[in-house]
Amino acid sequence: MGYSFNFGVIWARFDVFLLGLALGLALALAALAIGTILGLIAAFAAQAGGLRRRLVAIYVSVFRNTPLLVIVLFVYFGLPHWGLRFGKFESFILALAVYSGAYLTEVFRAGLDGVPKGVIDAGRAVGLHQFALIRLIVLPIMLRNCLPALGTTFISLFKDTSLAAVIAVPELTYEARKLNTETFRVAEAWATASVLYLVTCLMIAQGLRLVERRFPKF
Amino acid sequence: MAHFLHEVWIARFALLQGLALTLWLSVISICVGTVLGVLGGIALTYGGRFTRWPVRAVVDALRGIPVLVLILAVFYLLTFAGINFTAVQSGLIALSLFSGAHMAEIVRGALSAIPQGQIDAGKALGLSPFRIFLLVLLPQAVRMIIPVWINTGAELVKTSTLLSVIGTGELLFRTQEIIGRNFMTLEFYGLAGALFFLINFIIEKAGQAVGRRFALR
């Protein structure tokens, strides 16, 4: 089959690809930030037990067992029927944040379990109040315990930002698809997108290893 | 509500067809993926340098790119190369490769968690390498793999929704067709979400039960 590679087309639009990549990273970061807050609230609420624990269990179960694409489409196309109208960027960030919050709840719960009881007792013994205890003792130890899991969550969220292409958010997958249909440079478009995703994921993983070494485990 | 139920009744066959295709796609790709993953996992654990290295590269590449990109790449490349695969067939190839890469990593983890002493004990009994694998390693690995394997299955059901983008008639694609007719976005995306939730909830519960059954005591 006489396919000859022509990466000139890619090179001419490489800046658009890189912008798409940067947008994907920004979307993942925004979702991770909101998801972290949701996950922390849910993890601490579950500790309280009773009704709050059951509500958190429902939240985690619903969003872990529903496909992300369905959540994205529901938020972007469905919610306007209830008068909740968001732009495509906001919709996607919202969907990804709520989705990641469910996974992060589990991460933080495991992290909470990993905080030794002794240091909490020690904090009480020096007279710390509940809030100071959490802020000064529990959170730092717990977040350090969760660092590897937070890192893998960020990488998988970054890969999930490719779904934003479905609601026409101009991130990397959207740009690759556009180039594919406009120029028919099929192999080049998908090879470039794949390599860019791959290299970025490897770089994030490497960066995380450095951060983990910088902050030794408790 | 009555209006919604009426629309669901009209669309019942499309929904059931979509549901059936979703389940079929998931089952086939987990099966093919398991075969690929077991082969890949064995290669990663016991292979020599020249087996391990290429397998590692392929597995890492498949895990490092988004599934949607993998699906679109396989679909467009196959079509463009003049190989006439339908959307369902190219979707199956993409999903099988994806689950194969994940299974390879799971199988590798399980096999390398078995202590070397077990292999030595097999040798001491005079078993051949193949029988050591079959009688000593495999039963212990399966016990570790099965709970994770069920998780991967649930993950795959969710991932199969991405195939709606290349136009396979699975549940999400059917839902979009139905919405194209009646514009009831909130209700029908909600219904699709609820159906997927139900499938995965059942798999999750089954997985927990099996996990308890296989737990080391």
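Residues numbered from 1 in each chain as written. Chains lettered and ligands numbered in written order. Predicted model: local features only at pLDDT ≥ 70, side-chain atom pairs only at ≥ 80, totals over all residues. Heavy atoms only, no water.

1. Considering the overall build of chain A
So, point 1. When helices and strands are tallied, chain A shows nine helices and zero strands.
So, point 2. The linear arrangement of helices and strands in chain A, starting from the amino end, is α-α-α-α-α-α-α-α-α.
So, point 3. Along the first, second and third principal axes, the C-alpha set of chain A runs to 75 × 45 × 25 Å.
So, point 4. In chain A, which comprises 218 residues, the share counted as buried stands at 46%.
So, point 5. Long-range pairs, those at least 24 residues apart, make up 80% of the contacts in chain A between residues at least 6 apart in sequence.
So, point 6. Here chain A has roughly 10,900 Å² of accessible surface; of this, 68% comes from carbon and sulfur atoms.
So, point 7. Charged side chains of chain A number 20 positive and 11 negative; the gap between the two group centres comes to 9 Å. (Helix = DSSP H or I, 4+ residues; strand = E, 2+ residues; numbered from the N terminus. Buried < 20%, exposed > 50% of the residue type's maximum accessible area, 1.4 Å probe, protein only. Contact = heavy atoms within 4.5 Å. Areas by Shrake-Rupley, 256 points an atom, 1.4 Å probe, with all protein chains shown as cover. Lys, Arg positive; Asp, Glu negative; His and termini not counted. Charge placed at Lys NZ, Arg CZ, Asp CG, Glu CD.)

2. What about the interface of chain A and chain B?
It is common to give the size of an interface as the accessible area that goes away when the parts come together.
So, point 1. At the interface, 35 residues of chain A touch 34 residues of chain B.
So, point 2. Along the contact surface separating chain A from chain B lie zero salt bridges.
So, point 3. Here chain A and chain B share eight residue pairs in polar contact (both at pLDDT 80 or more) between them.
So, point 4. Only α3 (50-64), α4 (68-78), α5 (88-113), α8 (172-183) and α9 (186-214) of chain A provide two or more residues apiece to the side of chain A that touches chain B.
So, point 5. When residues in the side of chain A that touches chain B are grouped by element, the largest group, seven residues, is from α9(A).
So, point 6. Considered class by class, the residues forming the side of chain A that touches chain B number 22 nonpolar, 10 polar and three charged. (Salt bridge = Lys/Arg side-chain N within 4 Å of Asp/Glu carboxyl O. Polar contact = N/O pair within 3.5 Å; in protein donor to acceptor, adjacent residues only side chain to side chain. Nonpolar A, V, L, I, M, F, W, Y, C, P; charged D, E, K, R; others polar.)

3. A short note on the packing of helix α7 (residues 130-160) of chain A against α9(A)
Residues and elements named next belong to chain A.
So, point 1. Closest axis-to-axis distance for the α7/α9 pair is 10 Å, and the angle between their directions is 170 degrees. The pairing of α7 with α9 is recorded here as roughly antiparallel in orientation. For the pair formed by α7 and α9, the contact residues are R144, L147, P148, G151, F154, I155, F158 and K159 on the first element and Y197, T200, C201, I204, A205, L208, V211 and E212 on the second.
So, point 2. For the contact of α7 with α9, the per-class residue count stands at 11 nonpolar, two polar and three charged. (Axes fitted to C-alpha atoms, helices over the stretch in contact; angles between N-to-C directions. Parallel < 35°, antiparallel > 145°, perpendicular 65-115°, else oblique.)

4. Topic: the packing of aromatic side chains
Each aromatic ring pair is summarised here by two numbers: the centre-to-centre distance and the angle between the ring planes.
So, point 1. Following the criterion strictly, the structure yields 11 aromatic pairs over all chains and no others.
So, point 2. Plain terms: the ring middles of Y76(A) and F77(A) are 4.8 Å apart, the flat faces sit at 65 degrees to each other, and that makes the pair edge-to-face.
So, point 3. Counting every residue linked through ring pairs, the aromatic cluster contains Y76(A), F77(A) and Y189(B).
So, point 4. Residue placement shows R214(A) over the ring face of F215(A); its charged tip is 5.3 Å from the ring centre. (Phe/Tyr/Trp six-rings, centres within 6.5 Å; stacked < 30°, edge-to-face > 60°. Lys NZ or Arg CZ within 6 Å of the ring centre and 35° of its normal.)

5. Regarding the nonpolar core
So, point 1. Ranked by size, the top nonpolar core spans 98 residues in total, and within it F92(A), F108(A) and W190(A) carry the most contacts.
So, point 2. Setting aside its immediate chain neighbours within four residues, F108(A) contacts T36(A), G39(A), L40(A), A43(A), M142(A), L143(A), C146(A) and L150(A).
So, point 3. The next biggest cluster of nonpolar side chains, apart from the first, holds 13 residues, and it includes I106(B), L111(B), I132(B) and F133(B). (Core = buried A, V, L, I, M, F, W, Y, C linked by side-chain atoms within 4.5 Å.)

6. As for unusual backbone geometry
Residues and elements named next belong to chain A.
So, point 1. One non-glycine residue, A168, lies in the positive phi region at around 65 degrees.
So, point 2. As for its position among the elements, A168 is in the loop between α7 and α8.
So, point 3. The backbone of F184 sits at a positive phi, close to 60 degrees, despite the residue not being glycine.
So, point 4. Its location among the elements puts F184 in the loop between α8 and α9.
So, point 5. Take F184: its relative accessible area is 52%, and that puts it in the exposed class.

7. What to know about the side chain of S100(A)
Residue and element names in this part refer to chain A.
So, point 1. Inspection of the secondary structure puts S100 in helix α5.
So, point 2. Of the residues examined, S100 reaches a relative accessible area of 1% and is grouped as buried.
So, point 3. Residues within four places of S100 in sequence aside, it is in contact with A31, G35 and L157.

8. A look at the pattern of salt bridges
When the charged atoms of two side chains with opposite charge come close together, those side chains can pair.
So, point 1. One pass over the structure, following the stated rule, counts 10 salt bridges over all chains.
So, point 2. Taking the shortest distance from any N to any O, the salt bridge between E188(A) and R185(A) comes out at 3.2 Å. Judged on exposure class, the residue E188(A) and its partner R185(A) are both buried.
So, point 3. By sharing partners, the salt bridges in this structure join R56(B), D60(B), E105(B) and R108(B) into a single network.

9. Let's talk about the side chain of T168(B)
Residues and elements named next belong to chain B.
So, point 1. Tracing the backbone shows T168 in the loop between α7 (129-159) and α8 (171-182).
So, point 2. A polar atom in the side chain of T168 sits 3.2 Å from the backbone oxygen of L163.
So, point 3. Ignoring sequence-local partners within four residues, the contact set of T168 consists of L21, L25, A87, V88, L163 and F173.

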